[in-house]
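# A closer look at the structure
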Amino acid sequence: GAVVSQHPSRVICKSGTSVKIECRSLDFQATTMFWYRQFPKQSLMLMATSNEGSKATYEQGVEKDKFLINHASLTLSTLTVTSAHPEDSSFYICSARDPGARTDTQYFGPGTRLTVL
Amino acid sequence: EDKVVQSPLSLVVHEGDTVTLNCSYEVTNFRSLLWYKQEKKAPTFLFMLTSSGIEKKSGRLSSILDKKELFSILNITATQTGDSAVYLCAVKETSGSRLTFGEGTQLTVNP
């Protein structure tokens, strides 16, 4: 299947700092990528849909000024958690859909575990 | 609002047992249902189902969809400790690409 990478895999930061997470599709071009957040023992919650060349679409309750998404190329989307606070500590996962594939499957990155002290 | 409900939320079995995981959904314009396995990191794709009554099979895992009853099951036979994971069910509508996930079933297979 298609490969999606995320970087970094783990980050620890101080409260008030900003953290950038990268999501890359390695062997296909993704016009759409998705950002999810997962708290311990909970399911994936969609935060936003990242669209190449246009603004991201945020889910209800997700602050777009706090979670900045940039999808500047067909293989890269970034999520920046601005002014991070301990409650932002979570597992952030991106996924991408291969538009050339026949199926609706989304391929997930390995995730980024963010810990805000 | 789309809704995906999985049951049970947690299941503990012994190696060799057979398990059935359930997923029910309420979606305005259903297109497909997907099953994922999540171990310590991100989910890995298992099956995608679009038509009722057609079983998808991969080794000891199989899944089937009932679009009339808005329901899918994932079966795992002869379970192994390596099957221990969270199994996630997600549905996709006809419009857009977003997936709505259920809460997942935490499966623990003891030796």
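Up top is the structure these notes are about.
Residues numbered from 1 in each chain as written. Chains lettered and ligands numbered in written order. Predicted model: local features only at pLDDT ≥ 70, side-chain atom pairs only at ≥ 80, totals over all residues. Heavy atoms only, no water.

## Quick look at the overall build of chain B
What counts is decided by this rule: Under the DSSP-based scheme used, a helix requires at least four consecutive residues in state H or I and a strand at least two consecutive residues in state E, with every element numbered from the N terminus. Throughout, the radius of gyration refers to the C-alpha atoms, and the reference size of a globule is 2.2 Å times the residue count to the power 0.38. Burial here depends on accessible area, computed with a 1.4 Å probe over protein chains only, as a share of the maximum for the residue type. Under 20% is buried, over 50% is exposed, and the range in between is partly exposed. Only heavy atoms matter for contacts: two residues are in contact if any of them lie within 4.5 Å across the pair. Only the protein chains shown count as cover for residues, with accessible areas throughout obtained via the Shrake-Rupley method and a probe of 1.4 Å.
Across its full length, chain B carries 0 helices and 11 strands. The globule rule puts the C-alpha radius of gyration for 111 residues at 13 Å, and the 13 Å found for chain B is close to it. Here the C-alpha coordinates of chain B stretch approximately 45 × 30 × 20 Å along the principal axes. Residues classed as buried in chain B amount to 45% of the 111 residues present. Residue pairs in contact within chain B that sit at least 24 positions apart in sequence constitute 54% of those at least 6 positions apart. With the model as given, the accessible surface of chain B reaches about 5,500 Å², and the carbon-plus-sulfur share is 49%.

## Here we look at the packing of aromatic side chains
Inclusion rule: Classification of ring pairs uses Phe, Tyr and Trp, with its six-membered ring standing for Trp, and accepts pairs whose centres are within 6.5 Å; under 30 degrees between planes counts as stacked, over 60 as edge-to-face, and the remaining range as tilted. Two conditions define a charge sitting above a ring: the NZ of Lys or the CZ of Arg must be within 6 Å of the ring centre, and it must be within 35 degrees of the ring normal.
Scanning the entire structure with this criterion turns up 9 aromatic pairs over all chains. Through a chain of ring-to-ring contacts, the aromatic side chains of Tyr36 and Phe108 of chain A together with Tyr36, Phe45 and Phe101 of chain B assemble into a single cluster. Directly above the aromatic system of phenylalanine 67 of chain A lies the positively charged group of lysine 66 of chain A, at a separation of 5.9 Å from the ring centroid.

## What about the sheet that holds strand S8 (residues 76-81) of chain A?
Residue and element names in this part refer to chain A. Test applied: Paired strands, in this sense, are two strands between which DSSP finds at least two bridges. Convention adopted: a line fitted to C-alpha atoms gives each axis, helices being fitted over their contacting stretch, and angles between N-to-C directions are expressed from 0 to 180 degrees.
Read from one edge to the other, the open sheet built from 4 strands follows the order S1-S3-S8-S7, with strand pairing classed as antiparallel. Looking at which strands have only one partner, the edges of the open sheet turn out to be strand S1 (4-7) and strand S7 (67-73). Pairs of neighbouring strands in the sheet enclose a mean axial angle of 15 degrees, with direction left out of account. Examined bridge by bridge, S7 and S8 share 5 bridges and lie antiparallel to one another. Bridging from a neighbouring strand, asparagine 70 pairs with threonine 78 of S8.

## So, the sheet that holds strand S1 (residues 3-7) of chain B
Residue and element names in this part refer to chain B. Taken in spatial order, the 5 strands line up as S1-S3-S8-S7-S6 in an open sheet, and their pairing is antiparallel. Whereas interior strands pair on both sides, the edge strands pair on one side only; in this sheet they are S1 and strand S6 (56-58). The mean inter-strand angle of the sheet, taken between neighbouring strand axes irrespective of direction, is 15 degrees. Relative to strand S8 (residues 71-76), strand S7 (residues 61-66) is paired through 6 bridges, and the arrangement is antiparallel. The residue of S8 that forms the bridge with serine 62 is asparagine 75.

## Quick look at the nonpolar core
Formally: Among buried residues, the Ala, Val, Leu, Ile, Met, Phe, Trp, Tyr and Cys ones that are joined through side-chain atoms within 4.5 Å form a nonpolar core.
One finds Val4, Trp35, Phe67, Leu79, Tyr92 and Leu114 of chain A to be the most contacted residues of the largest nonpolar core, which totals 25 residues. Of all elements in the fold, only strand S2 (10-13), strand S3 (19-25), strand S4 (32-38), strand S5 (45-51), S7, S8, strand S9 (90-97) and strand S11 (112-116) of chain A reach the threshold of two or more residues within this core. Val13, Tyr25, Leu65 and Leu74 of chain B belong to the second-largest nonpolar core, a separate cluster that totals 22 residues.

## Thoughts on the interface of chain B and chain A
By a widely used convention, the size of an interface equals the accessible area lost when the partners come together. This is how the line gets drawn: Buried area adds together the accessible area that both of two parts lose upon being put together, with accessible area traced by a 1.4 Å probe. Take a side-chain nitrogen of Lys or Arg and a carboxyl oxygen of Asp or Glu: if they are within 4 Å of each other, that pair is a salt bridge.
Across the boundary between the two partners, chain B contributes 19 residues, which contact 18 residues of chain A. Among the residues of chain B in contact with chain A, Ser97, Arg98 and Phe101 of chain B are the three that bury the most area, contributing 29% of the side total. The tally of links between chain B and chain A comes to 1 salt bridge. Taking the shortest distance from any N to any O, the salt bridge between glutamate 59 of chain A and arginine 98 of chain B comes out at 2.8 Å. Secondary-structure elements contributing two or more residues to the side of chain B that touches chain A are strand S4 (30-38), strand S5 (44-49), strand S9 (85-93) and strand S10 (99-101) of chain B. When residues in the side of chain B that touches chain A are grouped by element, the largest group, 5 residues, is from S4 of chain B.

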